[in-house]
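# Summary of structural features
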Amino acid sequence: MNARRFLVWSMILIGFGLQALAYLALAAPLGTPTDVSFSEPRMPFAALVFIVGVGMVFAAAIVYELLPDRWLRRRKPQR
Amino acid sequence: MATTVRTLPTERGRGGRSWYPVVAILLLVLGVGIYGYLQELSEGMVATGLRNLGPQGGATWGLYISFVIYFVGLSFAGISIAALIRLARLDTLRPIARMAEVLTVICLMLAAMTIVADLGQPLRGIVNLFRYARPQSPFFGTFTMVISGYLFASMVYLYLEGRRDAAVRAAQGAPYARFLRVWAAGYADTEAERERHRRTSFWLSVAIVPMLVTAHSTLGFVFGLQVGRPGWYSALQAPAFVMLAGVSGLGMLIVLAAIARRTLRLPERLGPGLFRSLGLFLFLLLLAYLYFVAVELLTNVYTGSVREREVMAELLGGGYAWLYWSAIAGFVASVALLLGWLVLARLRGSLWPLVVAGLLVNLGAVAKRFLIVVPSQTNGQLLPYSEGSYAPAWTEYAVVAGLLALGALLFLGFAKVFPIIPLPDHKDAARREP
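Attention here is on the structure that accompanies the text. Predicted model, so just to flag it, every value in this text is computed and none were measured. (Residues numbered from 1 in each chain as written. Chains lettered and ligands numbered in written order. Predicted model: local features only at pLDDT ≥ 70, side-chain atom pairs only at ≥ 80, totals over all residues.)

This paragraph deals with the overall build of chain B. Tallying secondary structure elements over chain B gives 15 helices and 0 strands in all. Its C-alpha radius of gyration of 23 Å places chain B within 12% of the 22 Å reference for a compact globule of 434 residues. Seen through its principal axes, chain B has C-alpha atoms that stretch 85 × 50 × 45 Å. Residue burial in chain B is summarised as follows: out of 434 residues, 47% are buried. Partitioning the intrachain contacts of chain B with sequence separation of at least 6 by distance along the chain shows that 78% fall at a separation of at least 24. (Helix = DSSP H or I, 4+ residues; strand = E, 2+ residues; numbered from the N terminus. Rg over C-alpha atoms; globule rule 2.2 N^0.38 Å. Buried ≥ 20, exposed ≤ 12 C-beta atoms within 10 Å, placed from the backbone. Contact = placed C-beta atoms within 7 Å.)

This brings us to the overall build of chain A. The helix and strand inventory of chain A stands at 3 helices and 0 strands. In sequence order, the secondary structure elements of chain A are arranged as α-α-α. Classification of the 79 residues of chain A by burial places 27% in the buried group. Of the contacts made within chain A by residues no fewer than 6 positions apart, 69% connect residues no fewer than 24 positions apart.

What tends to happen in soluble globular proteins is that the nonpolar side chains get buried as a cluster. Residues and elements named next belong to chain B. Ranked by size, the top nonpolar core spans 133 residues in total, and within it Met99, Ala100, Leu103, Val247, Leu253, Ala257 and Leu282 carry the most contacts. In contact with Leu282, other than residues within four places in its own chain, are Val247, Leu250, Gly251, Ile254, Leu338 and Ala357. Residues Ala167, Leu180, Ala184 and Tyr187 belong to the second largest nonpolar core, which totals 5 residues. (Core = buried A, V, L, I, M, F, W, Y, C linked by C-beta atoms within 7 Å.)

On to helix H2 (residues 46–66) of chain A. Between its first and last C-alpha atoms H2 of chain A spans 30 Å; for 21 residues at 1.5 Å apiece the expected length is 30 Å, and the two agree. When the local axis directions of H2 of chain A are compared, the greatest deviation, roughly 25°, occurs at Phe58 of chain A. (Expected span 1.5 Å × (residues − 1). Bend = angle between axes of the 7 residues up to and from the residue.)

Once that is clear, we can look at the packing of helix H3 (residues 97–118) of chain B against helix H14 (residues 394–417) of chain B. For any two helices packed against each other, the geometry is given by the interaxial angle and the distance between the axes. Residue and element names in this part refer to chain B. Where H3 meets H14, the axes come as close as 10 Å, and the angle between the chain directions of the two elements is 155°. When the axes of H3 and H14 are compared, the pair comes out roughly antiparallel. Where H3 crosses over H14, the two elements pack in a sense that is right-handed. Taken together, the residues of H14 that come into contact with H3 (itself represented by Val102, Ile106, Cys107, Leu110, Met113, Thr114 and Ala117) are Val399, Leu403, Leu406, Gly407, Leu410, Phe411 and Phe414. (Axes fitted to C-alpha atoms, helices over the stretch in contact; angles between N-to-C directions. Parallel < 35°, antiparallel > 145°, perpendicular 65-115°, else oblique. Left-handed = near helix turned anticlockwise from the far one by under 90°.)

Residues and elements named next belong to chain B. A positive phi is found at Ala185, a non-glycine position, where the angle reads about 50°. By the secondary structure assignment, Ala185 is in the loop between helix H6 (177–184) and helix H7 (191–224). Take Ala185: there are 15 C-beta atoms within 10 Å of it, and that puts it in the partly exposed class. The backbone phi angle of Asp189 is positive, close to 60°, even though this residue is not glycine. For Asp189, the location among the structural elements is in the loop between H6 and H7.

All names here are of chain B. Inspection of the secondary structure assignment puts Pro384 in the loop between helix H13 (375–379) and H14. The exposure class of Pro384 is exposed, given the 6 C-beta atoms found within 10 Å. It is 43 Å that separates the C-alpha atoms of Pro384 and Val105, two residues lying 279 residues apart in sequence.

This next bit is on the packing of helix H2 (residues 63–87) of chain B against helix H8 (residues 237–263) of chain B. All names here are of chain B. In the contact formed by H2 and H8, the axes pass within 7 Å of each other and the chain directions differ by 70°. With respect to each other, H2 and H8 are oriented roughly perpendicular. Note on element contacts: H8 touches H2 through Leu244, Ala245, Gly246, Ser248, Gly249, Leu250, Met252 and Leu253, opposite Tyr70, Gly73, Leu74, Ser75, Phe76, Ala77, Gly78 and Ile81.

Attention shifts here to the environment of Gly251 of chain B. All names here are of chain B. Within the secondary structure, Gly251 sits in helix H8. You can call Gly251 buried: it has 29 C-beta atoms within 10 Å. For the pair Gly251 and Val222, spaced 29 residues apart in sequence, the C-alpha to C-alpha distance is 25 Å. Discounting chain neighbours no more than four positions away, the residues touching Gly251 are Leu282, Ala357, Gly358, Val361 and Asn362.

Following this line, the structure appears as structure tokens:
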């Protein structure tokens, strides 16, 4: 896997990870509401984390197309 | 003396004599809209026709929410056409792909602005939405998927699809060259870049199509999942939302394509085949939507609860009847026009039947969105409150007109600086030939 693909896949996985984290762990609990805690997010601005995740997945497309080859070539010897 | 004929692509809008008066009128309407919104901001929501349900006998969602749904609906056809062109290789429709993408981006921005207009305290509303939104709520899906994810994805798609044309135009020394170079971001049209772009476009299209169906269904669920709201609670809301979104968006695309064909003088690129495909798609979607309307009507009239039947009675013969029957008449007239245009050879010589059908379905869509949003609030009370009423105030009309003007200005502005019809790609065409 070359550096371009590695970077893009990392962004996609982190993006989906952030969405899952926000949806399942940071927002208000899923399930039948039994008390007021079901109405409160476990972390404020969990929705924003979800949106950042969505944005990151789609931003990966820009990185994939725009990342210059010469930048990748310059980075190679450093690894 | 030798003369050099320099043939720059004509797909960019020309600043003809009519361009500036049109822009001036739109700016005026936008100014009125801003004034209306400032009135609303300074006086509060009392400056609108919106009132609380029940004791105040009003509707909390009115013209603004109707237009949010309408704008989001328009965006549906834009990006779905663009994605389907890529996935299903609908080359006939390729010339309108960018127009469709721009329509999507502009309509989603307008939808977001309309929501802000609907919030009495916009800043508090926006902050609280991000702070407290629950994933179980359809609103979470609507705002995260539709307004953020969908808008961002559409912008990424539009940007990447436009890079080649930006590079070509910048190399030709077109006006706004600096802007075009920034857009192109070093695009050199190498085979490696093309291959990367083909892959990105394909995967973006694959991601966008299910996302847009989810997004529009979620918007339908905002209404359809409200069990205590007669007129909204229905399993058909989500699919009907998607259908009407497709109908209004396709109708708008037909109108825009016809205007572009005339103003840019591109009868070959925007040819009869393109309009025949659009007309056929619209015809089929419209028939499917009318089927949904009929099913919902029969279900509610024969087996709906008492309150459900009261809402239907209000639609069919009460205060909202004129709007309901006008919308239905518009849809039926559009079916007749489209059928006539598709079947009768002598009608196909002109695009007017198609354009009229496109306009009629859009007027019908606005009316139907209003009829989904309002009557359930004014006439669908489960608690023993008397019937309510809602009439938009001038501020609401002004804000909506301002937003429509802003949308038109953005579209005209884009078409002025960038090729609204993608430049011909001879390399790509040669590659796709067997």
